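The lines below spell out each chain.
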Amino acid sequence: MGILPKTLEYFSNFTGRSLAELDTEKEKGKKIAGVYCLFAPVELIRASGMIPVGLCGKKQDPIAAAEQILPSNLCPLIKSSYGFAITEKCPFFAISDIIIGETTCDGKKKMFELMGQIKPVHTMHLPYAPTSESAVSFWLQEIIKLKEILEKTSGNKIKQEDVKHQIKLQNEIRRLFQKIMSFFHDKTISISGMAMLPLMESKSFFVNPENYIEQLKTLIKEMEDLKNSGALNSSSKRILLTGTPVGKGSEKVVKLIEECGGNVVCMENCTGIKTTYSLIDENEEDPLMAIAKWYLSIPCSCMSPNKGRMDLLEEFIKDFHIDGVVDLTWQFCHTYNIEAHTVKKLVEEKFKIPSIHIESDYSESDIGQLKVRIQAFMEIISNK
């Protein structure tokens with residue numbers, strides 16, 4: 001799909017570079033907090049002097065080990081996460097001093113109980129009705145509990161000014177991602193989803209926010225230059241990917257879409273741009289309240305009602321000039337599976353564009369079947 005910005009190569013080996021930096025910081029006495037989900041407030045973790053890092057859970061390899069303890073009819077993300085922990089094959093898990101969990105589903109909630117036998121785990125309990133009157137106050141109390149845990153683990157008192165500073169830094173990163181993704185609002189411009197995937201994953205692994213911000217700014221400058229030269233032009237059909245997380249090791253659907261002639265120009269899922277489209281309120285008097293409100297607004301399928309996800313899909317379908325929507329559900333993820341009906345209705349009835357719901361796992365056993373389905377889907381788009 002044409003010339004790629006040079007800085008994307010920097011992000012292609014980002015996890016290895018981050019691990020080396022974490023080792024250095026660990027030697028200096030820094031504490032590491034391993035996180036699995038978007039609901040772990042990184043602003044608060046960083047304000048404590050600790051470094052948040054995303055943990056492994058997107059590969060098939062450790063699932064067999066996990067199934068010796070966990071049931072086989074469980075989401076592959078949960079089994080992969082736990083398998084990495086018990087096999088000690090995730091260096092980010094090994095280097096973490098504490099794991100910050102969250103109750104985004106019953107399977108993860110119970111898995112964190114078992115994981116707590118391996119390493120200290122603090123589980124944050126989410127309110128599932130984000131629009132209820134008590135939701136924000138309940139979640140604020142969970143944020144306060146986490147603050148106390150982080151202070152105890154890090155040995156540092158979390159100051160309000162440090163929290164506000166971290167909010168500004170994370171908001172700047174979100175603004176830069178908004179700028180990066182705005183390039184794809186031009187329907188003649190594309191970079192493959194596979195090329196963008198390492199960049200999307202890097203949001204969970206950077207050690208130094210200031211350095212990360214400079215790299216993002218460099219990428220934006222390169223994209224601007226390539227756009228002006230016409231090097232990013234593409235006529236491929238524009239696909240929006242929504243649903244469960246994808247990443248290195250679980251990217252087979254992204255790869256198949258692009259092998260079949262599509263271009264994944266927007267990944268709405270939580271490993272994509274779900275948390276970059278809005279900012280934490282920097283003017284809120286209480287920064288913990290600002291954090292609580294923003295994180296509670298994340299439109300995860302564990303929330304009910306989850307109107308925010310449909311609103312976001314509407315916005316992205318329009319902004320990215322989407323030709324078709326692929327809704328991916330990892331097996332046994334009941335919340336996303338149930339929402340698939342609502343997604344299909346929105347896409348096909350309101351926008352009159354094709355959609356397909358794919359239910360799969362991390363293995364490659366269904367690659368052939370998936371390719372046939374995606375090829376047929378792309379033909380439908382091409383014939384519209």
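Quick caveat, the model's predicted, so the values are computed rather than measured. (Residues numbered from 1 in each chain as written. Predicted model: local features only at pLDDT ≥ 70, side-chain atom pairs only at ≥ 80, totals over all residues. Heavy atoms only, no water.)

A. Main features of the state of the cysteines. Applying the stated rule across the entire model yields one disulfide. Each disulfide pairs two cysteine sulfurs, and for C56 the partner residue is C90, the sulfurs being separated by 2.4 Å. Looking down the S-S bond of the C56 and C90 bridge, the torsion is 75°, so its handedness is right-handed. Linking C56 in the loop between β2 (51–54) and α4 (63–66) with C90 in the loop between α5 (76–87) and α6 (91–95), this pair joins segments that are 34 residues apart in sequence. For C90, a relative accessible area of 3% gives the class buried. Looking at C37, it has no disulfide partner, and the nearest cysteine sulfur is the one in C300, 6.1 Å off. Looking at C37, the relative accessible area reads 18%, which means it is buried. Left unpaired, C300 is separated from the closest cysteine sulfur, that of C302, by 3.4 Å. (Disulfide = S-S within 2.5 Å. Helix = DSSP H or I, 4+ residues; strand = E, 2+ residues; numbered from the N terminus. Buried < 20%, exposed > 50% of the residue type's maximum accessible area, 1.4 Å probe, protein only.)

B. Looking closely at a nonpolar patch on the surface. Taken together, the side chains of I69, I86 and I118 present a nonpolar region at the surface, about 240 Å² in accessible area. Its place among the elements puts I86 in helix α5. (Patch = residues over 30% accessible without salt bridge, like charges linked within 9 Å, V, L, I, M, F, W, Y side chains within 5 Å. Areas by Shrake-Rupley, 256 points an atom, 1.4 Å probe, with all protein chains shown as cover. Salt bridge = Lys/Arg side-chain N within 4 Å of Asp/Glu carboxyl O.)

C. Local environment of the environment of P198. Along the chain, P198 falls in helix α10 (residues 193–202). For the pair P198 and S355, spaced 157 residues apart in sequence, the C-alpha to C-alpha distance is 25 Å.

D. Fine view of the sheet that holds strand β1 (residues 32–35). Ordered by their spatial adjacency, four strands build an open sheet running β2-β1-β3-β4, and the pairing between neighbours is parallel. The two strands at the open ends of the sheet, each matched to only one other strand, are β2 and β4 (121–124). Adjacent strand axes in the sheet meet at a mean angle of 30°, parallel and antiparallel pairs treated alike. As paired elements, β1 and strand β3 (residues 98–102) share three bridges and run parallel to each other. Counterpart to V35 in the pairing with β3 is I100. (Pairing = 2+ DSSP bridges. Axes fitted to C-alpha atoms, helices over the stretch in contact; angles between N-to-C directions.)

E. Up close: the sheet that holds strand β5 (residues 237–243). Spatial ordering of the open sheet is given by β6-β5-β7-β8, a layout of four strands whose pairing is parallel. Each having just a single partner strand, β6 (262–267) and β8 (355–360) make up the two edges of the open sheet. Averaged over all pairs of adjacent strands, the angle between their axes in this sheet comes to 30°, without regard to strand direction. The pairing of β5 with strand β7 (residues 324–330) spans five bridges and is classified as parallel. Bridge pairing in β7 places L240 opposite V325. Sitting on the sheet, helix α12 (residues 252–259) is in contact with β5, β6, β7 and β8, with an inclination near 140° to β6. (Contact = heavy atoms within 4.5 Å.)

F. Structural view of the pairing of β3. Of all five residues in β3, five are buried; the element is thus mostly enclosed. Of the two faces of β3, both are covered, the one formed by I98, I100 and E102 as well as the one formed by I99 and G101. Taken together, the four bridges between β3 and β4 define a ladder with parallel strand orientation. Opposite I99, over in β4, you have V121 as the bridge partner. Where the polypeptide runs from β3 across helix α7 (residues 106–115) and back to β4, its parallel neighbour, the crossover connection is right-handed. (Right-handed = clockwise from strand over helix to strand, strands pointing away.)

G. Molecular detail of unusual backbone geometry. Cis geometry is found at the peptide bond from S304 to P305, where omega equals 0°. Relative to the elements of secondary structure, P305 occurs in the loop between α13 (287–296) and α14 (307–319). Located in the positive-phi region is F332, a residue other than glycine, with phi close to 70°. Take F332: it is sitting in the loop between β7 and α15 (334–350). One non-glycine residue, K352, adopts positive backbone phi at about 55°. Looking at the secondary structure, you find K352 in the loop between α15 and β8. Given a relative accessible area of 55%, K352 falls into the exposed group.

No statement about biological role is implied by the geometric values presented.
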